[in-house]
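Below, each chain spelled out in residue letters.
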Amino acid sequence: MNQTTDCLIVGGGLIGMLTAREMVAAGLAVTIIEKGCVGGESSWAGGGILSPLYPWQYPLETTVLASWSQSHYPQLAEELIAGTGIDPEWTQCGLLMLDVDEAEQALSWAQDHHQSLQMVDAEKSLQLEPGLGCPPAAALWMPQIAQVRNPRLIKSLKCDLMGRSVTLRENEEVLELLCQDGRVTGVRTDRGKVSAPLVVAAGGAWSAALLKGVGQEVKIEPVRGQMLLYKAQPGVVHRMVMQHGHYLIPRRDGHVLVGSTVEYVGFDKSITSTARNELQKAALMMMPKLEAYPLIAHWAGLRPGNRNGLPLIGPVPGVQGLFINSGHFRNGVVLGLGSARLVSDLMLERTAMIVDPEPYRITGEQAVMQ
Ligand SMILES: Cc1cc2nc3c(=O)[nH]c(=O)nc-3n(C[C@H](O)[C@H](O)[C@H](O)COP(=O)(O)OP(=O)(O)OC[C@H]3O[C@@H](n4cnc5c(N)ncnc54)[C@H](O)[C@@H]3O)c2cc1C
């Protein structure tokens with residue numbers, strides 16, 4: 001028998017799960033259809049830094065959405081811990097950037113957007129991070145930047161959604177979005193049909209293929225990112241540290257992630273020795289002490305890449321009831337909370353929205369109607 005639901009979400013990554021949480025909180029019956037396991041793709045692979053990297057390089061709309069999410073993450077973490085007992089490890093350990101080429105731009109961005117960002121000397125950098133290999137004469141320090149531990153966040157969100165009676169259909173692929181008279185009516189999957197008056201395309205790197213079927217071409221493409229994991233001890237690395245686009249993320253239990261590559265290689269999740277060498281070299285340059293600890297994992301994920309720094313959030317033109325929440329590229333964790341609220345505000349036709357939705361909509365710039 002075909003299932004019917006109020007709101008159907010295609011894709012159970014962080015974006016789909018956070019959207020489901022908003023919609024179920026509004027009293028709707030919500031179903032997620034996920035071709036693998038929820039959170040098993042980019043959302044699992046990511047680092048969990050709750051800030052765009054070099055945030056001053058992004059459009060204003062990224063800063064606005066990131067700021068909303070940043071201020072709401074502590075509450076989400078508290079609610080998840082209280083509701084599920086699983087701690088997503090929201091940790092405000094700060095981000096120390098060892099590059100200062102854009103210091104002037106960074107400081108002026110911070111002033112304009114009331115962000116805490118300071119220029120620090122080598123002595124202060126060493127106080128913040130005693131293991132630094134070669135502290136530069138000047139660095140940039142953002143003390144308020146936090147992180148979450150992606151796999152834990154996914155686990156706690158899954159448990160939370162199940163507790164709220166969201167239907168999770170894993171290992172089921174949506175093959176087609178169904179429309180009639182300019183309205184979405186549901187989806188066809190490899191197991192049958194599911195009917196819904198509201199459908200959200202949250203398929204991450206696979207979103208373009210989903211929308212192509214309804215004649216909408218969006219510029220979302222897979223961008224591979226590789227990561228390494230060291231099994232160090234707590235206190236070996238204290239802060240998130242960045243240099244020349246590479247970063248270290250210390251988890252509470254001492255594990256240290258090293259990220260990441262940005263590779264345009266299609267839907268290929270292989271790992272490469274070139275990337276391992278590049279990441280390892282960057283990690284040891286920042287933190288030579290890591291050499292003493294075993295490198296225990298190396299993986300890759302496919303980010304939903306966009307070309308202008310902004311995700312697509314909002315209605316899909318020409319198909320009533322169909323919405324997109326995708327294309328978050330390198331910032332899906334930090335932007336995810338705000339994006340989920342915004343797409344829900346739009347679906348529920350709330351008058352007060354968290355941010356102006358216009359810049360995130362599908363327009364002629366980002367999409368071409370066929
Ligand atoms: C190495 C790496 C490091 C990163 N670090 C950070 C960071 O520090 N901070 C940050 O904010 N962001 C980071 N990101 C980016 C972030 O992880 C992504 O932007 C975010 O996870 C995207 O979430 P998503 O739900 O859109 O995509 P995904 O997690 O990929 O989820 C999409 C889901 O849709 C499913 N799906 C697709 N098509 C279908 C279909 N037809 N039927 C059913 N299911 C379907 C897929 O199986 C998948 O599970 C990083 C990413 C990578 C790869």
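Each chain has its residues counted from 1, following the order in which its sequence is written. With the structure being a predicted model, the display of local features is reserved for residues of pLDDT at least 70 and the display and counting of side-chain atom pairs for 80 or more, all residues being used for whole-chain, interface and lining totals. Just so you know, side-chain values use all the structure's heavy atoms and leave hydrogens and water out.

Secondary structure elements follow DSSP: runs of H or I of four or more residues count as helices, runs of E of two or more count as strands, with numbering from the N terminus. Tracing the backbone through its elements, the reader meets Gln226 in strand S13 (residues 221–231). Within the local environment of Gln226, its side chain forms a polar contact with the side chain of Glu263, the two groups lying 3.0 Å apart. Polar side-chain contacts of Gln226 include one of 2.8 Å to the side chain of His298. Polar contacts, as used here, are pairs of N or O atoms within 3.5 Å; protein pairs need one atom able to donate a hydrogen and one able to accept it. Residues neighboring in sequence count only if both atoms are side-chain atoms.

Orientation is described by lines fitted to C-alpha atoms, with helices fitted over the stretch in contact, and by angles between N-to-C directions that extend from 0 to 180 degrees. Close contact between helix H3 (residues 60–84) and helix H9 (residues 332–347) brings their axes to 7 Å; oriented N to C, the two are set at 90 degrees. The orientation of H3 with respect to H9, classified from their angle, is roughly perpendicular. On H9, the residues touching Thr62, Leu65, Ala66, Trp68, Ser69, Gln70, His72, Tyr73 and Leu76 of H3 are Val333, Val334, Leu335, Gly336, Leu337, Gly338, Ser339 and Arg341. Angles below 35 degrees are treated as roughly parallel, those above 145 as roughly antiparallel, those between 65 and 115 as roughly perpendicular, and all remaining angles as oblique. Working rule for contacts: check all heavy atoms of both residues, and any pair within 4.5 Å makes them a contact.

Glancing now at the layout of surface pockets. One number sums up the size of the second largest pocket: a volume of about 250 Å³. Around the second largest pocket, the lining residues are Leu18, Arg21, Glu22, Ala25, Trp68, His72, Gln75, Leu76, Glu79, Arg164, Leu337 and Arg341. Those elements giving two or more residues to the lining of the second largest pocket turn out to be helix H1 (14–25), H3 and H9. With five residues, H3 is the single largest residue contributor to the lining of the second largest pocket. Under this grouping Gly is polar, as are all residues other than the nonpolar Ala, Val, Leu, Ile, Met, Phe, Trp, Tyr, Cys and Pro and the charged Asp, Glu, Lys and Arg. Of the residues that constitute the lining of the second largest pocket, the class distribution is five nonpolar, two polar and five charged. With a 1 Å grid laid over protein atoms only, a set of points is called a cavity when a 1.4 Å probe fits there but cannot get out and a pocket when it is open yet has protein on both sides within 12 Å along at least five of seven lines; lining residues have an atom within 4 Å of a point. Grid points are joined across faces, edges and corners, and a volume is the space filled by probe spheres set on the points.

Looking now at the pairing of strand S15 (residues 246–250). With a 1.4 Å probe rolled over the protein chains alone, any residue whose accessible area is under 20% of its type maximum counts as buried; one over 50% counts as exposed, and the rest are partly exposed. With five of five residues buried, S15 is to be regarded as a mostly interior element. Of the two faces of S15, the one lined by His246, Leu248 and Pro250 and the one lined by Tyr247 and Ile249 are each fully buried. A strand pair is defined by DSSP finding two or more bridges across the two strands. Of the pairings in the sheet, the one linking strand S14 (residues 240–243) to S15 comprises three bridges and is antiparallel in character. Among the inter-strand pairings, Val241 is bridged to a residue of S15, identified as Leu248.

Each Phe, Tyr or Trp ring (for Trp, its six-membered ring) is paired with any other whose centre lies within 6.5 Å, and the angle between the two planes then decides the class: stacked below 30 degrees, edge-to-face above 60, tilted in between. Applying the stated rule across the entire model yields four aromatic pairs. Judged by centre distance (5.9 Å) and plane angle (65 degrees), the ring pair of Tyr54 and Trp56 falls under edge-to-face. Across this residue pair, the class does not change: Tyr54 and Trp56 are buried. Among the aromatic residues, ring-to-ring pairing joins Tyr54, Trp56 and Trp109 into one connected group.

The next subject is the site of the ligand. Here, proximity means that at least one heavy atom of the residue falls within 4 Å of the molecule or strand. Contacts to the ligand come from 38 residues, most closely from Glu34, Ser43, Ile49, Phe329 and Val334. Within the backbone of Leu14, one N or O atom sits 3.3 Å away from an oxygen atom of the ligand. Phe329 places a polar main-chain atom, nitrogen or oxygen, 2.8 Å from an oxygen atom of the ligand. Listing elements by their share of the shell around the ligand, those giving two or more residues are H1, helix H2 (42–45), S13, strand S17 (295–305) and H9. Looking at the shell around the ligand residue by residue, the classes come out as 16 nonpolar, 15 polar and seven charged. Here the limits of each domain have been adopted from an automatic or database domain assignment. No fewer than three residues from each of domain 1 (3–47 + 152–218 + 308–369) and domain 2 (92–144 + 222–305) sit in the shell around the ligand.

Moving on, we get to the domain arrangement of the chain. Accessible area lost when the parts come together is the quantity often used to give the size of an interface. Per the domain assignment, the segments making up the chain are domain 1 (3–47 + 152–218 + 308–369) and domain 2 (92–144 + 222–305). A straight line from the C-alpha centre of domain 1 to that of domain 2 covers 30 Å. Listed by partner, the interface residues are 14 residues for domain 1 and 19 residues for domain 2. For the pair domain 1 and domain 2, the summed buried area comes to about 1300 Å², and 60% of that belongs to carbon and sulfur atoms. A pair is scored as a salt bridge if a Lys or Arg side-chain nitrogen falls within 4 Å of a carboxyl oxygen belonging to Asp or Glu. One salt bridge connects Lys269 with Glu41, and the closest N-O pair in it is separated by 3.0 Å. Here domain 1 and domain 2 share five residue pairs in polar contact (both at pLDDT 80 or more) between them. Across the side of domain 1 that touches domain 2, the residue classes break down as five nonpolar, seven polar and two charged. Joining two parts hides part of their accessible area as seen by a 1.4 Å probe, and the buried area is that hidden amount summed over both.

Across the chain, bend at a residue is computed as the angle between axes fitted to the seven residues ending at that point and the seven starting from it. By the largest-angle criterion, Gly338 marks the main kink of H9, which is about 30 degrees. Burial within H9 is extensive, with 15 of its 16 residues counted as buried. Phi turns positive, to about 55 degrees, at Glu349, one or two residues after H9.

One finds Cys7, Ile9, Val30, Tyr73, Leu153 and Met347 to be the most contacted residues of the largest nonpolar core, which totals 44 residues. Discounting residues that sit within four places of it in the chain, Met347 has contacts with Cys7, Thr19, Met23, Leu198, Val200 and Phe323. Among the nonpolar cores identified, the runner-up in size contains 24 residues, and Ala45, Cys93, Met240 and Trp299 belong to it. Residues belong to one nonpolar core when they are buried, are Ala, Val, Leu, Ile, Met, Phe, Trp, Tyr or Cys, and are joined through side-chain atoms within 4.5 Å.

This brings us to unusual backbone geometry. Here the bond from Gly259 into Ser260 is cis, since omega is -25 degrees, no more than 30 degrees from zero. Structurally, the position occupied by Ser260 is in the loop between strand S16 (255–259) and helix H8 (273–286). Backbone geometry at Glu89 places phi at a positive 60 degrees, although glycine is not the residue there. Locating Glu89 in the fold gives a position in the loop between H3 and strand S4 (95–97). Classification of Glu89 by relative accessible area gives buried; the value is 9%. The phi dihedral of Phe329 falls on the positive side, at around 45 degrees, and the residue is not glycine. Note on placement: Phe329 falls in the loop between strand S19 (322–326) and H9.

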